[in-house]
Amino acid sequence: WTQPPFAHAFAAMISSEFTGLETTVDATGFDALTIDGGIWPKQFSVDPTKLEHNVQMLALVACFAWILALIPLWLQWYRVKKGLRAIIYRKDPGCSTSLEAPSWVSARTKGSAALVWKDLHAMLPNSSTLYDGMNGIVQALRPLAVLGPSGCGKTTLLSCLAGEVTRTKCDVTVYLNRHRIARSKLRRTVGYVRQDDALHPELTVSEAISFAVALRMPHSSRKVCQERVRWTIGRLGLEGVANSKVGGHKFRGISGGERRRTAVGVELSVARGVLALDEPTSGLDSETALSLGHLLAELAAEGCILLASMHQPSPELLANFSDTLVLGTHGRVAYFGATTSLPTYISPLRQLHPEGGHGTASDVLLDIISGDHADRAFKLYTVAEEKGDMEDEIQSALTASPGEEIMEVKAATVPPIRVQLMQLLLREMRIQRSLATYTYFEAAIAGVLLGMTYFQMSMRLAGVISRLGLVFAVHCTLGMQALQGLLAWREGYTSFRRERAAGYYYTGTFVIAKVVMDAILLRVGPPALMCCIVYLLAGLQPGREAVCCLGFCLASFVASTFCLALGATAPRSGAVLPLAVLLILLFLLIGGPLLATQQGVLRNVSIFRASFNMLSANEMRGMVFKFDPEGVVTTLGERSGEDWMTDLGIQDNPVHEEVGWLLGWSFFYVLFAWLVLTLQSVNWPSFSFRGCCASAVASEEHAQKREIGRRTSTASE
């Protein structure tokens, strides 16, 4: 009754396997000895005659565990209380207008600027098409609201204009300040705030904004960067939560409105000339949404080209946007013009509304294009005056006027490698600080448990078995600890893809920073702490602590790099975690003495083979053990540790050779992870006859207009 559940399972399996067998002990230098199989369970303190009792106890313990698991579910202990969320929720402070905009913001209000797209076509992964050659324009000082029902293509439109790499095939020509912009430079020119932001939960608001500023202003002084961060935080009204963590699904952080403001601040702080926001008010209450709408209007008034998609905004919120674009099914345009002209425009359509045209102008139009009379609304726009005005604005924006000053909008450049490494290392240290604390605590607990389990091992046959079991248990613990990095990597993959596409850093510097900080925080201190505790309690050989500690650290490091490579192949798949557990257990099985084979090919596949040999040989070399199996009288007497290693297939190789194997495996997995991430970040083009023709026509049009105006935008192609 006092034994743990796994003890009953182990006793039942080993008793069932060995009872009735005859085994032969073929020791080096001695004659073969035949021993009854029932003797071997006794070496592990298992009574083979109690097989039925162990099976019954295992079934009883399993039923009890299921009852304990179902009780909390039945009582709904896992449900989050709404009252607690209401207490923790922080109300957004109002937008701070007392701060004076710095020179890099006020300079944007000088001159004219416009983002123009022509002949937009998109094909979704299910082969359905959108937009059908739509043209559009967003001008400085005139923010654009993109409305439409779910599935009409609002997010796809913003992704195409921001140069986002998605599975949707997009064909469009984009002009910024009269110059055509390549898609690769769009990703570094347009600040894209997605509906599902990729802010790291462990970072504070100021740390998230500081990271973007440091990489976007690599040649600026620390004082200038700090001033920009302070201005951005004050401009967005985030002073009260500047030192609060963003939070996520694991722990509560800042509120939803503050999180949206932080996402806007990351793009605003780096002086983006164009901001595209995907449903920034989704999930916010009316007061918070209206406050955010006022903020966006103020940013547009400062010279930012701004467009935002919304599902069904209130009239007060929509009033913050000068122009409105209404999309229907398949991305067809139902209205594109001034927001103030929308009520007059829909007057002929109110009779088609199911409720007699009662409601706001935007809601009425959205209801009509979602009903049976959608075609009439789309046909009305094709002959409407608003469409002609929009086409005239596009033509005017692409044609230079004499003496007109053009606003300069710069594309971001990749910072120097030194700056990338420094900032990435600093951010990884902040992200992994909580995980490091937990890992140190876990290593201390594991060290005490393993040390007490194998307390002061003897120099008999049981001592040999205990030492090999200790080495195996240590590798199991270190391998399972490495899985924590796999989960953390999966959470940060989305932010890596977006930051890499925006040109924040190279893939190689990201991988190096992640591996280096993981090794410093998680693969040196915790394994060394566990090694010290185990070494003292288990009574391992004195004077060999350094090699043992090195083996612990390298085993943990090679397991972490393996998880890094595996996570890079499929970071968003839920099958990665069980696959990693299965492969690590397989490496543990074939890498140590549990697999009785002398063939080196199978063992060399395991990443733990070298650390198994290093730790086992470091402990058993030079020792003498008494062979005295319980219940058997033998003449084998004492056997050296070298003889045991020979019989068990443990190789006593030089330490530097085993270290080379471990570092070689680690380097291979790091290189593999870098290669996979690099290939995933490549935007592979899709070749088609239509795409080639469109590119040829666009190139000819660009050649004809290249002499028009003065090219002052450094973001041009």
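Quantities reported herein were computed from a predicted structural model and do not represent experimental measurements.

## A few points about the sheet that holds strand S5 (residues 144-147)
Here is step 1: Overall, mixed pairing links the 6 strands, which are arranged S8-S9-S10-S5-S11-S12 in an open sheet. Single-partner strands in this sheet number two, and they are strand S8 (190-193) and strand S12 (333-338). On average, each strand axis in the sheet is tilted by 15° relative to the strand beside it, whichever way the strands run.
Here is step 2: Across 4 bridges, S5 lies against strand S10 (residues 305-310) in parallel orientation. Counterpart to Leu144 in the pairing with S10 is Leu307.
Here is step 3: Sheet strands in contact with helix H6 (residues 154-161) are S5, S8, strand S9 (274-278), S10 and strand S11 (323-327), and its direction is about 155° off that of S10.

## Thoughts on the environment of Ala444
Here is step 1: Residue placement: Ala444 occurs in helix H18 (residues 433-453).
Here is step 2: Counting along the chain gives 87 residues from Ala444 to Cys531, while the straight-line C-alpha distance between them is 9.3 Å.
Here is step 3: Leaving out residues up to four positions away in the same chain, Ala444 has contacts with Leu529 and Ile533.

## Quick notes on the environment of Pro629
Here is step 1: Mapping Pro629 onto the fold places it in the loop between strand S13 (624-626) and strand S14 (638-640).
Here is step 2: Sequence-wise, Pro629 and Lys42 are 587 residues apart; in three dimensions their C-alpha atoms are separated by 8.6 Å.

## A few points about a negative patch on the surface
Here is step 1: A cluster of like negative charges, contributed by Glu385, Asp389, Asp392 and Glu393, occupies part of the molecular surface.
Here is step 2: Within the fold, Asp389 resides in helix H16 (residues 385-397).
Here is step 3: Relative accessible area serves as the criterion here: at 37%, Asp389 is assigned to the partly exposed category.

## Focus: the pairing of S9
Here is step 1: Burial runs high along S9: 5 of the 5 residues are buried.
Here is step 2: Both faces of S9 are covered, namely the face carrying Val274, Ala276 and Asp278 and the face carrying Leu275 and Leu277.
Here is step 3: Relative to S9, S8 runs parallel, the two being bridged by 4 bridges. Each residue of the ladder has a partner; that of Val190, found in S9, is Val274.
Here is step 4: In this region the chain leaves S9, passes through helix H11 (residues 286-301) and returns to the parallel neighbour S10; the handedness of that crossover is right-handed.

## Digging into a nonpolar patch on the surface
Here is step 1: Where nonpolar side chains cluster on the molecular surface, the patch consists of Phe667, Leu671, Trp674, Leu675 and Leu679 and spans about 500 Å² of accessible area.
Here is step 2: Note on placement: Leu679 falls in helix H27 (residues 655-680).

## Section: helix H26 (residues 641-648)
Here is step 1: Among all positions of H26, only Gly641, Trp644 and Met645 are buried. Projection of H26 onto a plane perpendicular to its axis shows the buried side chains occupying an angular sector of 100°, all on one side.
Here is step 2: The positive-phi residue at the C-terminal boundary of H26 is Gly649, with phi of around 80°.

## Re the sheet that holds strand S6 (residues 169-176)
Here is step 1: Here 4 strands make up an open sheet; going across it, the order is S4-S3-S6-S7 and the pairing antiparallel. Where the open sheet ends on each side, the last strands, each with one partner, are strand S4 (129-139) and strand S7 (179-180).
Here is step 2: Sheet topology places strand S3 (residues 114-123) next to S6; 7 bridges connect them, and they run antiparallel. Bridging from a neighbouring strand, Leu115 pairs with Leu176 of S6.
Here is step 3: On the sheet, H6 packs against S3, S4 and S6 and is oriented at approximately 120° with respect to S3.
Here is step 4: Sheet contacts for H16: S3 and S4; angle to S4, the most-contacted strand, approximately 60°.

Criteria and cut-off values
Residues numbered from 1 in each chain as written. Predicted model: local features only at pLDDT ≥ 70, side-chain atom pairs only at ≥ 80, totals over all residues. Heavy atoms only, no water. Pairing = 2+ DSSP bridges. Helix = DSSP H or I, 4+ residues; strand = E, 2+ residues; numbered from the N terminus. Axes fitted to C-alpha atoms, helices over the stretch in contact; angles between N-to-C directions. Contact = heavy atoms within 4.5 Å. Patch = residues over 30% accessible without salt bridge, like charges linked within 9 Å, V, L, I, M, F, W, Y side chains within 5 Å. Areas by Shrake-Rupley, 256 points an atom, 1.4 Å probe, with all protein chains shown as cover. Salt bridge = Lys/Arg side-chain N within 4 Å of Asp/Glu carboxyl O. Lys, Arg positive; Asp, Glu negative; His and termini not counted. Charge placed at Lys NZ, Arg CZ, Asp CG, Glu CD. Buried < 20%, exposed > 50% of the residue type's maximum accessible area, 1.4 Å probe, protein only. Right-handed = clockwise from strand over helix to strand, strands pointing away. Arc of directions from axis to C-beta.

Read these as geometric descriptors, not functional statements.
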